[in-house]
Amino acid sequence: MKKRILIFISIIVSAFYVVRLYTLNSKEHFPIILEYDNNQEVEFENDFFDYSEENMNGYSITLTNSELMTIDEFISNYAIQDKEIFHPFNYVCLLKVNVKNKSNKDEEKSGLNLKHFMLQSGAYMTYPNTDAFAYVNDIDFMQFSLRYNSDKDFIIPFLIYNGNVDINTFKKMSPQLVVSLFPHKKVIKI
């Protein structure tokens, strides 16, 4: 008798877990991936990275140029004295972008955080480097807001380490700049 009760309880508990798993997964919404081309303006609208409270609405970004160079070329081109901060990286991908505040009047409560952006190529992904950002731009902060109806050019540096990805494979995999994750994952082809 005890055995039958335990089997019955096990079946009920198993059925509950199956139903619960189904209901959780059936309501899951995955982001829609939107791809954009180089030199195409991408409006952020109500898309975000981590929190729906991020206010990038009214802003847009355009990838205008990309350049891949060795870390030694980067150090030489930007006259960097402290070379050790870029150890053990082998390459840097510099993405020149134009950011516009087209219609957001909440200047202090809005803006972009470039630290969230990602460079993605196949299974490889990396984030911008804050040290390199300070060398290639006239500001140190990667989080900023722009005045209403204004724009600014930035260079976003992504450091690449050969131990994580072969550079030839990286180039063949068509890298993309990820500029938002939810509800739309917006990527710009490089």
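Before any of the text, the structure's been laid out above.
Figured I'd write up the structure that's included with this text.

Parameters and conventions
Residues numbered from 1 in each chain as written. Predicted model: local features only at pLDDT ≥ 70, side-chain atom pairs only at ≥ 80, totals over all residues. Heavy atoms only, no water. Helix = DSSP H or I, 4+ residues; strand = E, 2+ residues; numbered from the N terminus. Rg over C-alpha atoms; globule rule 2.2 N^0.38 Å. Buried < 20%, exposed > 50% of the residue type's maximum accessible area, 1.4 Å probe, protein only. Areas by Shrake-Rupley, 256 points an atom, 1.4 Å probe, with all protein chains shown as cover. Lys, Arg positive; Asp, Glu negative; His and termini not counted. Charge placed at Lys NZ, Arg CZ, Asp CG, Glu CD. Pairing = 2+ DSSP bridges. Axes fitted to C-alpha atoms, helices over the stretch in contact; angles between N-to-C directions. Phe/Tyr/Trp six-rings, centres within 6.5 Å; stacked < 30°, edge-to-face > 60°. Lys NZ or Arg CZ within 6 Å of the ring centre and 35° of its normal. Polar contact = N/O pair within 3.5 Å; in protein donor to acceptor, adjacent residues only side chain to side chain. Salt bridge = Lys/Arg side-chain N within 4 Å of Asp/Glu carboxyl O. Contact = heavy atoms within 4.5 Å. Patch = residues over 30% accessible without salt bridge, like charges linked within 9 Å, V, L, I, M, F, W, Y side chains within 5 Å.

**Here's the deal with the overall build of the chain**
Here's step 1: A count of helices and strands for the chain gives four helices and eleven strands.
Here's step 2: Taking 2.2 N^0.38 as the reference for a compact globule, 190 residues should give roughly 16 Å; the C-alpha atoms of the chain span a radius of gyration of 22 Å, well beyond that estimate.
Here's step 3: Judged by the C-alpha coordinates and their principal axes, the chain covers about 80 × 45 × 30 Å.
Here's step 4: A total of 190 residues make up the chain; the buried ones form 36% of that total.
Here's step 5: Working note: accessible area of the chain is about 12000 Å², and carbon and sulfur atoms make up 51% of it.
Here's step 6: Of note, the chain has its 19 positive side-chain charges centred 12 Å away from the centre of its 24 negative side-chain charges.

**Things to note about the sheet that holds strand β11 (residues 184–189)**
Here's step 1: Here five strands make up an open sheet; going across it, the order is β1-β11-β10-β6-β7 and the pairing mixed. A strand with exactly one partner marks an edge of an open sheet, and here the two such strands are β1 (32–36) and β7 (124–126). If you compare each strand with its neighbour and ignore which way they point, the axes differ by 30° on average.

**As for the packing of aromatic side chains**
Here's step 1: Across all of its chains, the model carries nine aromatic pairs by this definition.
Here's step 2: Taking 6.3 Å as the distance between ring centres and 20° as the angle between the ring planes, the aromatic pair formed by Phe133 and Phe154 counts as stacked. Of this pair, Phe133 sits in helix α3 (residues 130–136) while Phe154 is found in strand β9 (residues 150–160), placing the two residues 21 residues apart along the sequence.
Here's step 3: In this structure an aromatic cluster arises from ring pairing among Phe74, Tyr78, Phe86 and Tyr135.
Here's step 4: Looking at Lys105, its charged tip hangs above the ring of Tyr148, at a distance of 4.9 Å from the centre.
Here's step 5: Here Lys152 stacks its cationic end above the ring of Phe154, 5.7 Å away from the centre of that ring.

**With respect to the side chain of Asn101**
Here's step 1: In this structure, Asn101 sits in strand β4 (residues 91–101).
Here's step 2: One polar contact links the side chain of Asn101 to the main-chain carbonyl oxygen of Leu146, over a distance of 2.8 Å.

**With respect to the pattern of salt bridges**
Here's step 1: Evaluated as defined, the whole model comprises seven salt bridges.
Here's step 2: Between Asp47 and Lys186 there is a salt bridge, with the nearest N and O atoms lying 2.8 Å from each other. With a gap of 139 residues between them, Asp47 in the loop between β2 (42–43) and β3 (59–70) and Lys186 in strand β11 connect regions that are remote in the sequence. With respect to class, Asp47 is no different from Lys186; both count as buried.
Here's step 3: Taken together, the shared-partner salt bridges connect Glu41, Glu43, Lys100 and Lys102 into one network.

**Quick look at the environment of Asn55**
Here's step 1: One can find Asn55 in the loop between β2 and β3.
Here's step 2: Measuring from C-alpha to C-alpha, the distance between Asn55 and Ile167 comes to 35 Å, with 112 residues separating the pair along the chain.
Here's step 3: Leave out the neighbours within four places in its chain, and Asn55 touches Asn104, Asp106, Lys109, Ser110 and Gly111.

**Things to note about a nonpolar patch on the surface**
Here's step 1: Taken together, the side chains of Ile5, Phe8, Ile9 and Ile12 make up a nonpolar region of the molecular surface, amounting to roughly 390 Å² of accessible area.
Here's step 2: When you line up the elements, Ile12 lands in helix α1 (residues 2–26).

Scope: geometric values only; no functional claims are made or implied.
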